[in-house]
Every structure is written in structure tokens, then in C-alpha cells.
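Residue-level structural notes
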Amino acid sequence: MTDTYLQSLGFMPIDQGRSASRPGFNQAWCYQHDHLAQDGTPLFIEHPLGIDSCRLSSLTAPLDQQDVFAKMPLNDRPALEAAIQQFFAAHGGQGPLIPLFEVPTFRPFRRAR
């Protein structure tokens, strides 16, 4: 899986502060789907460091196996796409787009003289 492929499925990197060059996929990474489920549940995909698989969860970094919705080999694209469809079907369909976080621009207060 590549950054471009995951973004084509609607995922965005959790760490938006990184440059356009993402780390190699032999390193750990985590993405969030850009839409919530209809019931408000978020969807995350994560590749834990050193494990040749990825997993879908409603948590950023699930610690308990029961929090993992689906687990599949890293390069099994059909299984990933099916798991995404199953997730949204189980949660009432695809919901609203997650609002993008915008960093506020600092504007100092200026007094009229």
C-alpha cells in the first residue's frame, strides 16, 4: 500500500505536519478516513511497526484486539476495500466529511489611535 493509494480510498495521514514525502511503509503509520460513519464513528487504518499487516479500528491506536474491526495483510487491497465497505455498512453508511482543522492565524490586537 502506498500513501497515494490510501488517499484514493479516502484516508488522510494523522500527522498532517509531515512533508509530502511520507516515511517508508516498513515503518509504522496511521491514517484516518475523511468521512465519519453515519453514526459518527471514525475509521482509522494502522500499520504497527514490524508487523506485516494493517488493521482497521475506530481508535487511533487500539491496544485491545476487540477494538480492531478488521486485520489483513499489508498488500491485500481487495480485503481492505471490502473491510471498509463492511465498516460503513455496519455503522449505517458513510456519514459527513470530517471538518479540516485549520491552524488559526495570529493577529495581534491593534488599538485605534
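Each remark here, short or long, concerns the structure printed above.
The present account deals with the structure reproduced in this document. Sequence order as written defines residue numbering, which begins from 1 separately in each chain. Local features in this predicted model are restricted to residues whose pLDDT is 70 or higher, and side-chain atom pairs enter the listing and the counts only when it is 80 or higher, whereas totals over whole chains, interfaces and linings include all residues. As a convention, hydrogens and water are excluded, and side-chain values are obtained from all of the structure's heavy atoms.

**Thoughts on the overall build of the protein chain**
- When helices and strands are counted, the protein chain shows two helices and seven strands.
- Strands here mean DSSP runs of E at least two residues long; helices mean DSSP runs of H or I at least four residues long; both are numbered from the N terminus. Helices (α) and strands (β) of the protein chain occur, in sequence order from the N terminus, as α-β-β-β-β-β-β-α-β.
- Any residue under 20% of the maximum accessible area for its type is buried, any over 50% is exposed, and the rest in between are partly exposed; the area is computed with a 1.4 Å probe on protein chains only. The buried share among the 113 residues of the protein chain stands at 34%.
- As displayed, the protein chain offers around 7,600 Å² of accessible surface, 54% of which is attributable to carbon and sulfur atoms. To be clear on the numbers: accessible area is Shrake-Rupley with a 1.4 Å probe, and residue cover counts the displayed protein chains and nothing else.

**Things to note about the nonpolar core**
- Core analysis: the largest hydrophobic core is formed by 19 residues, its most contacted members being Leu6, Phe11, Ile45, Leu56 and Leu80.
- Contributions of two or more residues to this core are made by α1 (3-8), β2 (29-33), β5 (53-57), β6 (68-73) and α2 (77-90).
- The element contributing the most residues to this core is α2, with five residues.
- We call two residues in contact when some of their heavy atoms are within 4.5 Å. The residues touching Phe11, leaving out its near neighbours within four places in the chain, are Leu6, Tyr31, Gln32, His33, Leu43, Phe44, Ile45, Leu56 and Ile84. We define a nonpolar core as any set of buried Ala, Val, Leu, Ile, Met, Phe, Trp, Tyr and Cys residues linked to one another through side-chain atoms lying within 4.5 Å.

**Digging into the side chain of Ser53**
- Within the fold, Ser53 resides in strand β5.
- Ser53 sits in the buried class, given a relative accessible area of 9%.
- The contact partners of Ser53, leaving out residues within four places of it in the chain, are Glu46, His47, Pro48, Lys71, Met72, Pro73 and Leu74.

**Notes on the packing of aromatic side chains**
- Any pair of Phe, Tyr and Trp rings, taking the six-membered ring for Trp, is counted once the centres come within 6.5 Å. Such a pair is stacked with planes under 30 degrees apart, edge-to-face with planes over 60 apart, and tilted for the rest. Scanning all chains against the criterion turns up three aromatic pairs.
- When the centroid spacing of 5.3 Å and the interplanar angle of 75° are considered together, the rings of Phe87 and Phe88 count as edge-to-face.
- Lysine NZ or arginine CZ positioned within 6 Å of the ring centre and within 35 degrees of the ring normal marks a charge as sitting over the ring. Seen from the ring of Tyr5, Arg77 lies directly overhead, with NZ or CZ sitting 3.9 Å from the centre.

**A closer look at the pattern of salt bridges**
- The working definition used for a salt bridge is a side-chain nitrogen of Lys or Arg within 4 Å of a carboxyl oxygen of Asp or Glu. Scanning the model with the defined rule gives one salt bridge in all.
- Linking Arg55 and Glu46 is a salt bridge whose minimum nitrogen-to-oxygen distance equals 2.8 Å.
- Glu46 sits in the buried class, given a relative accessible area of 13%.

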